[in-house]
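# Structural overview for review
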Amino acid sequence: MKEIGGYFGLDQLVNNEYHKDLLALNTGRNALLYLLKAKNIQKLYIPYYLCNSISYMLEKQEFDFEYYHIDAEFMPIFNKKLCENNYLYIVNYYGQLANDKVICLKQKYGNIILDNTHAFFQKPIDGIDTIYSCRKFFGVPDGAYLSTDSVLDEELEVDISKDRMIHILGRFEGSASDYYSRFQENDASFKYEPLKYMSKLTKNILGAIDYDKAKKIRNDNYAYLDRKLKKVNKLQLINPEGAFTYPLYLENGIEIRKKLAAKEIYIPTLWPNVLEDTQESGLEYDYAANILPLPCDQRYGKDDMRNVIEVVLKCLRI
């Protein structure tokens, strides 16, 4: 029986999820696990340029996998013929693989899974299994969407997120630095989190986001950064819808990252495990070390972008 009376909890917010027609799960890596089980995948080919949370999950779940390299345009270097139950895991780095390229990859390789962790606003393509992460784009503690026709014949629990909200609520009323350790703890906890449906709390928050506004701000900020930094960026970029970040590729990215941090502009090293697991002479090491993912999301405006640009150019002494 439902409880009657007492104090108020969080209200049911507007139900307006961006990917409301997709399967809502608790994490991106578990969305991949869903596919591995539902499609009876025997072997997965994954890029070296990737977070080790994926390889850890594959090892833990005892799935066979093998690494492959990417080229300078983030496209897979892969010449093997895929068997029936073998799949190629393709990462849409920084949203730089538009859907026309994805369709070409599907035509070339057949069995592919698309990781759109960096491309939340890129629409899924019929017949291509696609994974989206929510917490890379919005203030939620967890959550992922999966576009697939495959159905897993397994009962799943609904996740519970209430204990993962401290760093998000803390930053809303305080500073990020005060709650950074809580953020790290939350991030580390997903290593052991089993496959579940998305929590009611996360789903409720995602239903209330102004996606059109968030996408427009991201588009505007990305375009402004690109106009001002294109001359120093070694990458030739497209403008994705609702960009994840602006990837600024410099020869001395490690040094510039440190200088930016001294000015309180904190740029993460995406997938630092790549620096440990690959050779320094390789493209993957170079990209992990020297691509600076500059924030361009809905928290910031043109003045913030102007400040970032000014500091970057000063660091480069331009």
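How each quantity is defined
Residues numbered from 1 in each chain as written. Predicted model: local features only at pLDDT ≥ 70, side-chain atom pairs only at ≥ 80, totals over all residues. Heavy atoms only, no water. Core = buried A, V, L, I, M, F, W, Y, C linked by side-chain atoms within 4.5 Å. Buried < 20%, exposed > 50% of the residue type's maximum accessible area, 1.4 Å probe, protein only. Helix = DSSP H or I, 4+ residues; strand = E, 2+ residues; numbered from the N terminus. Contact = heavy atoms within 4.5 Å. Pairing = 2+ DSSP bridges. Axes fitted to C-alpha atoms, helices over the stretch in contact; angles between N-to-C directions. Phe/Tyr/Trp six-rings, centres within 6.5 Å; stacked < 30°, edge-to-face > 60°. Lys NZ or Arg CZ within 6 Å of the ring centre and 35° of its normal. Arc of directions from axis to C-beta. Right-handed = clockwise from strand over helix to strand, strands pointing away. Salt bridge = Lys/Arg side-chain N within 4 Å of Asp/Glu carboxyl O.

The biggest cluster of nonpolar side chains holds 97 residues, and the ones touching the most others in it are Tyr 49, Tyr 89, Phe 120 and Leu 229. The dominant element in this core, judged by the number of residues it contributes, is helix α11 (residues 302–315), at 7 residues. The contacts of Phe 120, once residues within four sequence positions are left out, are Tyr 18, His 19, Tyr 132, Ser 133, Cys 134, Phe 137, Phe 138, Tyr 145 and Tyr 211.

The subject of this paragraph is the sheet that holds strand β5 (residues 86–91). Across the sheet, which stays open at both edges, the 8 strands sit in the order β1-β8-β7-β6-β5-β2-β3-β4 with mixed pairing between neighbours. Of all the strands in the sheet, just β1 (23–25) and β4 (76–77) have a single pairing partner and so form its edges. Note: β1 against strand β8 (residues 144–147), 3 bridges, orientation antiparallel. By the bridge assignment, Leu 25 is partnered in β8 with Ala 144. Contacts between helix α1 (residues 28–38) and the sheet are confined to β1, β2 (43–47), β5, β6 (112–115), β7 (129–133) and β8, with β7 contributing the most and set at about 160° to the helix.

Taken as a whole and judged by the stated rule, the model has 30 aromatic pairs. Seen from their ring centres, Tyr 222 and Tyr 246 are 5.2 Å apart, and the 70° between their planes marks the pair as edge-to-face. In this pair, Tyr 222 sits in helix α7 (residues 211–229) while Tyr 246 sits in strand β9 (residues 246–249), placing the two residues 24 residues apart along the sequence. Here Lys 123 stacks its cationic end above the ring of Tyr 18, 4.3 Å away from the centre of that ring. Just above the ring of Tyr 56 sits the side chain of Lys 191; from NZ or CZ to the centre is 4.5 Å.

On to helix α4 (residues 166–173), then. Along α4, the residues that are buried comprise His 167, Ile 168 and Gly 170. The buried side chains of α4 occupy one side of the element, clustering within an arc of 165° when seen end-on. Turned more than 90 degrees from where α4 packs its buried face, Leu 169, Phe 172 and Glu 173 sit exposed. In the core, the buried residues of α4 are packed alongside α5 (180–189).

For β2, the tally of buried residues reaches 5 of 5 residues, placing the bulk of the element in the interior. Burial along β2 is two-sided: Lys 43, Tyr 45 and Pro 47 facing one way and Leu 44 and Ile 46 facing the other are all buried. Here 5 bridges tie β2 to strand β3 (residues 64–70), and the two strands are oriented parallel to one another. Looking at the pairing, Lys 43 lines up with Asp 64 of β3. With respect to chirality, the unit in which β2 leads through helix α2 (residues 52–60) into the neighbouring parallel β3 is right-handed.

Next up on the list: the pattern of salt bridges. One pass over the full model with this rule turns up 19 salt bridges. A salt bridge links Glu 66 to Lys 43; the nearest nitrogen and oxygen atoms lie 2.8 Å apart. Taken together, the residues span a long stretch of sequence, with Glu 66 in strand β3 and Lys 43 in strand β2 at a distance of 23 residues. Taken together, the shared-partner salt bridges in this structure form one network comprising Asp 142, Asp 159, Arg 164, Glu 193 and Lys 196.

Mapping Ser 133 onto the fold places it in strand β7. When residues no more than four places from it in sequence are discounted, the contact partners of Ser 133 are Thr 117, Phe 120, Gly 143 and Ala 144.

Another aspect to go through is unusual backbone geometry. Of note, Phe 74 is a non-glycine position whose phi angle comes to about 70°, a positive value. Along the chain, the position of Phe 74 falls in the loop between β3 and β4. With phi around 65°, Glu 264 is a residue other than glycine that occupies positive phi space. Of note, Glu 264 is situated in the loop between α8 (253–262) and α9 (273–277).

For the rest of this paragraph, the subject is the pairing of β9. Burial of the side chains of β9 extends over both faces: Tyr 246 and Leu 248 are buried on one face and Pro 247 and Tyr 249 on the other. As defined by bridge partners, β9 adjoins strand β10 (residues 291–294) across 4 bridges and the pair is classed as antiparallel. What sits directly across from Tyr 249, in β10, is Ile 291.

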